[in-house]
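# An overview of the molecular structure
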Amino acid sequence: MPPLLYKTDASPPARTVMLVADILGLNLDMKEINPVLREQDTPELTMKNPMRTVPLLEEDDFCLADSHAIILYLFDKYAKRQHEHLYPSDKRKRATINQRLFFDCGVLFPRLRSIMAPTYGGKLTEPSKSMLRNVDDAYRMLETYLSNTSYLADDVITLADISVITTISSLNGLHPINEKVYPKLKQWFNNMSQQEYCKRINEPGSKQHVYGLKMLMENNKQKSKL
Ligand SMILES: N[C@@H](CCC(=O)N[C@@H](CS)C(=O)NCC(=O)O)C(=O)O
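Residues numbered from 1 in each chain as written. Predicted model: local features only at pLDDT ≥ 70, side-chain atom pairs only at ≥ 80, totals over all residues. Heavy atoms only, no water.

## Observations regarding the nonpolar core
Condition: We define the nonpolar core as a collection of buried residues of types Ala, Val, Leu, Ile, Met, Phe, Trp, Tyr and Cys that are connected through side-chain atoms lying within 4.5 Å of one another. Each residue is assigned to one of three classes by its accessible area relative to the maximum for its type, calculated with a 1.4 Å probe on protein chains only: buried under 20%, partly exposed between the two thresholds, exposed over 50%. Note on conventions: DSSP H or I runs of at least 4 residues are helices, E runs of at least 2 residues are strands, and numbering of each starts at the N terminus. Residue ranges for the domains originate in an automatic or database domain assignment. Should any heavy atoms of two residues lie within 4.5 Å, those residues are considered in contact.
Residues Ile168 and Trp188 are the most contacted members of the largest nonpolar core, which totals 58 residues. Mapped onto this core, the elements with two or more residues apiece are helix H1 (12-23), helix H3 (67-78), helix H4 (91-120), helix H5 (129-145), helix H6 (159-174), helix H7 (183-193) and helix H8 (196-225). Per-domain counts for this core show at least three residues from each of domain 1 (4-83) and domain 2 (86-225). Once residues within four sequence positions are removed from consideration, Ile168 is found in contact with Leu108, Tyr139, Leu142, Ile177, Trp188 and Phe189. Grouped together as the second largest cluster of nonpolar side chains are seven residues, Tyr6, Ile33, Leu45 and Leu56 included.

## Structural notes on the domain arrangement of the protein chain
Let me state the cut-off plainly: Using a 1.4 Å probe, buried area is obtained as the accessible area two parts lose upon being combined, added over both of them. The term salt bridge refers to a pairing of a side-chain nitrogen on Lys or Arg with a carboxyl oxygen on Asp or Glu at a separation within 4 Å. In protein, a polar contact requires one atom able to donate a hydrogen and another able to accept it; more generally it is a pair of N or O atoms within 3.5 Å, and residues adjacent in sequence count only if both atoms are side-chain atoms. Think of it as three bins: nonpolar holds Ala, Val, Leu, Ile, Met, Phe, Trp, Tyr, Cys and Pro, charged holds Asp, Glu, Lys and Arg, and polar takes everything else, Gly as well.
Parsing the protein chain into structural domains produces domain 1 (4-83) and domain 2 (86-225). Domain 1 and domain 2 are separated by 19 Å when their C-alpha centres are compared. Taken together, the contacts link 19 residues of domain 1 with 26 residues of domain 2. When domain 1 packs against domain 2, close to 1900 Å² is buried across both sides, 75% of that on carbon and sulfur atoms. Of all residues in domain 1, the largest losses of buried area upon contact with domain 2 belong to Arg15, Leu19 and His68, amounting jointly to 30% of the total for that side. Here domain 1 and domain 2 share one salt bridge between them. Linking domain 1 with domain 2 are twelve residue pairs in polar contact (both at pLDDT 80 or more). If you list the elements that add at least two residues to the side of domain 1 that touches domain 2, you get H1 and H3. Counting residues per element, the side of domain 1 that touches domain 2 draws most heavily on H1, at nine residues. Broken down by class, the residue content of the side of domain 1 that touches domain 2 amounts to twelve nonpolar, three polar and four charged.

## A closer look at the pairing of strand E1 (residues 4-7)
Heads up, the rule is: Two strands qualify as a pair provided that DSSP identifies no fewer than 2 bridges between them. A crossover counts as right-handed when, viewed with the strands pointing away from the observer, the path leading from the first strand over the helix to the second turns clockwise.
Two strands pair when backbone bridges link them, and E1 and strand E2 (residues 29-32) are joined in this way by four bridges, in the parallel orientation. When the sheet's bridge partners are listed, Tyr6 is paired in E2 with Lys31. In this region the chain leaves E1, passes through H1 and returns to the parallel neighbour E2; the handedness of that crossover is right-handed.

## Structural notes on the pairing of strand E4 (residues 62-65)
Each regular strand shows side chains that alternate between the opposite faces of the sheet. Looking at chain direction, strand E3 (residues 56-59) and E4 are connected through four bridges and run antiparallel. Note that in E4 the partner of Leu57 across the bridge is Leu64. The hairpin turn running from E3 into E4, its antiparallel successor, is two residues long, and Asp60 in that turn takes a positive phi close to 55°.

## Here we look at H8
To be explicit about the condition: By this rule the span expected of a helix is its residue count minus one, scaled by 1.5 Å. Fitting one axis to the seven residues ending at a residue and another to the seven starting there, the bend at that residue is the angle between the two axes.
The end-to-end C-alpha separation of H8 is 43 Å, in line with the 44 Å expected for 30 residues at 1.5 Å each. Of all bends in H8, the biggest is about 40°, found at Asn202, and the proline Pro204 comes one to four residues later. Within the span of H8, buried status applies to Tyr197, Cys198, Ile201, Asn202, Gly205, Ser206, His209, Val210, Leu213, Met217 and Asn220.

## A closer look at the side chain of His175
Inspection of the secondary structure assignment puts His175 in the loop between H6 and H7. For His175, a relative accessible area of 17% puts it in the buried group. At a separation of 2.9 Å, a polar atom in the side chain of His175 contacts the side chain of Asp136. Beyond its immediate chain neighbours, meaning those up to four positions away, His175 contacts Leu132, Val135, Asp136 and Tyr139.

## Thoughts on empty space enclosed by the protein
Worth spelling out the cut-off: The way it works is a 1 Å grid over only the protein atoms, where trapped points that fit a 1.4 Å probe form a cavity and open points with protein on both sides within 12 Å along at least five of seven lines form a pocket, and then any residue with an atom within 4 Å of a point lines it. Grid points are joined across faces, edges and corners, and a volume is the space filled by probe spheres set on the points.
Under the defined criterion, the tally for this structure stands at two cavities of 30 Å³ or more. Quantified by volume, the largest cavity comes out at close to 50 Å³. Residue lining of the largest cavity: Tyr6, Ile33, Gln40, Leu45, Asn49, Thr53, Val54, Pro55 and Leu56, and that is the complete set. Of the voids in this model, the second largest cavity is the one considered here, and its volume is about 30 Å³.

## Some remarks on H6
The first and last C-alpha atoms of H6 sit 24 Å apart over 16 residues, in line with the 22 Å expected at 1.5 Å per residue. By the largest-angle criterion, Ile165 marks the main kink of H6, which is about 30°. Of all 16 residues in H6, 15 are buried, a share of seventy percent or more.

Okay, structure coming up:
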C-alpha cells in the first residue's frame, strides 16, 4: 500500500510533500484535512501527531509529521539515481540543503504562520507593520543565500527549493517580493514558478491559500466595525 498523506492543498508544507512525491514518481494516497476547522484534533490523529499539524504521513504503523522530515524520508526511501541532484551525497551540499530546510521550518514558515494564526483566529484585519518587516527580513536572508548560486543551495533545484517555494508563494501573495530590492529572489521565484510541477501542484493551492487569508481578513474587518 502506498503511504497515506493527510493534507490540504492550501497548506504550504503539505504542498511541499505533494511536490516531492510527484517528482519522485510516487503515488501517495491522500486524505483531506482542514486545519482551519481543526479536523486534525481528533484523539486518533492527536495520537499520531501530537503537534496537530498538516501534513502528516502514515505508512503502516509508522507516522511522521513535519514536511521537512517527511520529504527527507521520502527521498531516502524512494529516490532513484536520477533524483540524486535533489539531495546530493556531497556532505557540504547536503549540509547546506539541511540548513535551508531548517531555515524554512524555523524562520520562514513561522513568519507566515504569524499572519495566518490571528487571521484564522478572527482577529487580524491586515498584516501589521512588524509582521511585514519580518517577512522582508526573511526575503533579505534569501537574497543573500542566492548570492553565489541560482538556486538556494546549488546551481540546480534541490529539496531546499521545493520546501521554500511553497512558503514563499503564499508570502508573495500577501506581501509581493520587491524586484528592485530582492532581484535574485524574484528571479528564483520566477524560475521556480515556471517548473511544470509547480504550476500544476503549487500554484492552485497557493492561490487558494492567499485568497482564503485575504477573504478572512476582510471578514474580520467587517466584524470589527459592528
Ligand atoms: N513545520 C511544520 C508546519 C506544519 C503546520 O504548521 N501546518 C499548518 C497548516 S499550513 C497547521 O497544521 N496548522 C495547525 C496548527 O498549527 O495548529 C511542517 O513543515 O509540516
